[in-house]
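One letter stands for each residue in the lines below.
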Amino acid sequence: MTAIDDIAQTERTKRLAWPMLALATSLVIAFSAIRGVRRGYEIIGDNALMELRGRDVLTGNHPFLGTWSSASVSAGIDVNHPGPLLFELVALFVKVFGGAAGIAMAIALLHIIVVWLVGWVTARTGGATAAIVAQVITALLVWTLGSELLYDPWQPNVLVLPFWLFVCAIWAVTADVVVVLPLAVGVGSFVMQTHLGYLFIVPILVTFALTTVVLRRRAGGPGRFNDLRRPIVLSLVVGAVLWAQPLWEQFFGPGHGNMGRIVVAGTVGGNDFEPMDSRATGVSAGLRVLGSVWALPPWWGRPGFDSAIPSSRWVDGPDGRTFAAPGLRTLGPSVIALVILAVVVAFAWRRVRRGGSRQLDAGFLTLAVVAIVATVTVIITPIDVLGLSPHKVRWLWVIGAFATYLLVMAVLAGLDEHRRRLGVAGLGAMGLVAVLATVPVFVNESGPLYFRASYASVTDLRDQLDAYFDDNAVLTAVNFDAEGIGFAEPYTTPVMAELLRNGVDVFVENRALARQLGPERLLTDPQDGTATLPLVFVRAGEAAVEAPLGAERIAFHDGDRSPYSPENITDRAVAVFLVRSPAAFEKAVP
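Residues numbered from 1 in each chain as written. Predicted model: local features only at pLDDT ≥ 70, side-chain atom pairs only at ≥ 80, totals over all residues. Heavy atoms only, no water.

Trainee: Any chance you could explain the sheet that holds strand β8 (residues 552-557) here in plain terms?
Mentor: Within a sheet, neighbouring strands are paired by backbone hydrogen bonds and run either parallel or antiparallel to one another. Spatial ordering of the open sheet is given by β6-β5-β7-β9-β8, a layout of 5 strands whose pairing is mixed. Sheet topology places β6 (505-507) and β8 at the edges, where each strand pairs with a single neighbour. Going from strand to strand, the sheet's axes swing by 30° on average, the running direction of each strand aside. Packed onto the sheet, helix α18 (residues 492-501) meets β5 (477-481), β6, β7 (535-540) and β9 (574-579) and runs at close to 180° relative to β5. (Pairing = 2+ DSSP bridges. Helix = DSSP H or I, 4+ residues; strand = E, 2+ residues; numbered from the N terminus. Axes fitted to C-alpha atoms, helices over the stretch in contact; angles between N-to-C directions. Contact = heavy atoms within 4.5 Å.)

Trainee: Would you mind going over the packing of helix α10 (residues 226-252) against helix α11 (residues 258-266) with me for this structure?
Mentor: The relative placement of two packed helices comes down to the angle between their axes together with the axis-to-axis distance. At their nearest, the axes of α10 and α11 sit 7 Å apart, and the two run at 80° to each other. Here α10 lies roughly perpendicular to α11, going by the angle between them. Every residue of α11 that contacts α10 at Trp243, Pro246, Leu247, Glu249 and Gln250 is listed here: Asn258, Met259 and Gly260. Tallied by class, residues from the contact of α10 with α11 come to 4 nonpolar, 3 polar and 1 charged. (Parallel < 35°, antiparallel > 145°, perpendicular 65-115°, else oblique. Nonpolar A, V, L, I, M, F, W, Y, C, P; charged D, E, K, R; others polar.)

Trainee: Where do I start with the nonpolar core in this structure?
Mentor: Soluble globular proteins: nonpolar side chains tend toward being buried together. Grouped together as the largest cluster of nonpolar side chains are 172 residues, with contacts concentrated most on Phe163, Trp164, Trp395, Leu396 and Tyr405. For this core, the leading source of residues is helix α5 (residues 99-145), giving 24 residues. Not counting chain neighbours up to four residues away, the residues in contact with phenylalanine 163 comprise Val191, Tyr198, Ile201, Trp395, Val398 and Ile399. Phe537, Ala544, Ala573 and Val579 belong to the second-largest nonpolar core, a separate cluster that totals 9 residues. (Core = buried A, V, L, I, M, F, W, Y, C linked by side-chain atoms within 4.5 Å. Buried < 20%, exposed > 50% of the residue type's maximum accessible area, 1.4 Å probe, protein only.)

Trainee: In this structure, what is going on with unusual backbone geometry? I would like to understand it.
Mentor: Each neighbour pair has its own omega, and for proline 297 with proline 298 the value is 5°, a cis peptide bond. Along the chain, proline 298 turns up in the loop between α12 (282-295) and β2 (313-317). Even without a glycine there, the phi angle at leucine 58 is positive, about 65°. Look at tryptophan 299: it is not a glycine, yet its phi comes out positive at around 55°. For tryptophan 299, a relative accessible area of 42% corresponds to the partly exposed category.

Trainee: Which parts of the structure should I look at to understand the pattern of salt bridges?
Mentor: As a working rule, side chains carrying opposite charge can pair if their charged atoms are close by. In total, this model carries 20 salt bridges according to the counting rule given. Residue arginine 53 is joined to aspartate 56 by a salt bridge in which the shortest nitrogen-to-oxygen separation is 2.7 Å. On the criterion of helical spacing, the pair formed by arginine 53 and aspartate 56 is a turn pair, its members being 3 residues apart in helix α2 (residues 47-56). For the pair arginine 53 and aspartate 56, one class covers both residues: buried. Residue aspartate 56 pairs with arginine 521 through a salt bridge whose shortest N-O separation is 2.6 Å. A residue pair is termed long-range when its members are at least 10 positions apart, and aspartate 56 in helix α2 and arginine 521 in the loop between α19 (511-517) and α20 (526-532) qualify at 465 residues. A single burial state applies to aspartate 56 and to arginine 521, both of which are buried. Each of Glu42, Glu51, Arg55, Arg462, Asp466, Glu498 and Arg501 takes part in a single network of salt bridges with overlapping partners. (Salt bridge = Lys/Arg side-chain N within 4 Å of Asp/Glu carboxyl O.)

Trainee: I would appreciate a short explanation of the packing of helix α7 (residues 160-174) against helix α8 (residues 181-194) in the present structure.
Mentor: Following both chains from N to C, one finds α7 and α8 inclined at 150°, their axes separated by 9 Å at the closest point. With respect to α8, the axis of α7 lies roughly antiparallel. The two elements α7 and α8 meet at a crossing, and its hand is left-handed. Side by side, α7 and α8 meet where Pro162, Phe163, Leu165, Phe166, Ala169, Ile170 and Val173 of the first sit next to Leu181, Leu183, Ala184, Val187, Gly188, Phe190 and Val191 of the second. Taken together, the residues of the contact of α7 with α8 break down into 13 nonpolar, 1 polar and no charged. (Left-handed = near helix turned anticlockwise from the far one by under 90°.)

Put into structure tokens, the structure is as follows:
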């Protein structure tokens, strides 16, 4: 068969089936965002970097890179995620609607646009059935994320649906729908710039798709490449525009460019600081990770989003270094399940090739390539002191979903017309069930949402800071000390974002933090800066209750006064302190 189908009974049904599913999914995404904001959603932890840097867009501190990457700790050199496209996505919304509401609106809108583009791409590639089944898979991915991640900006989670669109677009190009190539380049650039975890997968898949369509035309006559010229030119323009900022930073920015730093980090390692010890995941642990998401229940569904790959790390013991991953599937079942999955996929691929479905053949070829790249990436991914956690390999969930999509399409392609109609109708009903199941509030505790108990305290601090600066509009810049609470805590970054919103610029002494906030915010002469700029810092627990000698407490939320701990997330007491004379303060504090 040359197309996967056109199985709908009427032109009207064919035209409306997938858009109706897309509309239902879009409404649930929009509803989740509106409900979340009304229930007190707050920008906390690393999410506040999206707000802060979003406000920086088109200012003197315009971001040319993404956030600082935790990959730095094992590389010995500070690196950032490659580009600022996520900041630019939220910028207008943050400036117009504020932090929480603006970011929720921007991310929800991003997801809604992705839903519709998936429908368009798959309809162009395989007809009505392909688009309907793709919308079902999209609805299931939305359900997997859960209602509260549908408007949350943390990079590993916000890229799940865009990467799904990217994979569908690569399939389309491989199937010779070359008009989709500029979209693949654009979405791939967004994904790759936003998180280093996609550094290999995206360019390899784009190269694979383009190579495939060129080789397919190799034996043609004159003009065989004519239909490629416009998509390739548009793709080059899209790529040039989207990568202009990271390239500018590489060649004209201060210090060593980020692209060069990424190369150093991935090869010889840097010497900016002593790197933390790490070791590659390896074949054995890698197969366990792959089997946990792709081949063993709950597969890529919601129940395994946080637990399929538990936090894993290398542990030194009497028998040497061992891989510790409590709860991760063992090697035997993982390998057996992966072999079974590979056999099923190979059988389905063989069947569709015999049936003459060029589109599905291209789909299985795309799956084979992305699965190989993903496998190698997992095996070489370093496990450092931060461990190997699901957020580093979120693309595994999408690849599992794509495998499911192709297997379902292969089954439908082998049915007679009547059974195919019934199958598609049943799948459509499943998609609607997934959409309805997403409506109740569900929190995947992935990323800053883990600290959602701090929403009220952060909102209270923000309100008090607003009131303080309404009455004390004299500060224009401060030296911000972000130390003193603990790793990955939810309070300090929102305070920095709120200072910036009130016209108070933030400078820091820590070079890694300056790579988060922008190089212009590094105190190049820390001794002079600490003596002249007012000092601001945040404390939590008992340390928030009393102001140190020489400090003024400018915001205070009363709550649990126990010491901060990421294992004990409560509505904790937290305070913001201002020291107007830092030199005197330093002398007064032992």
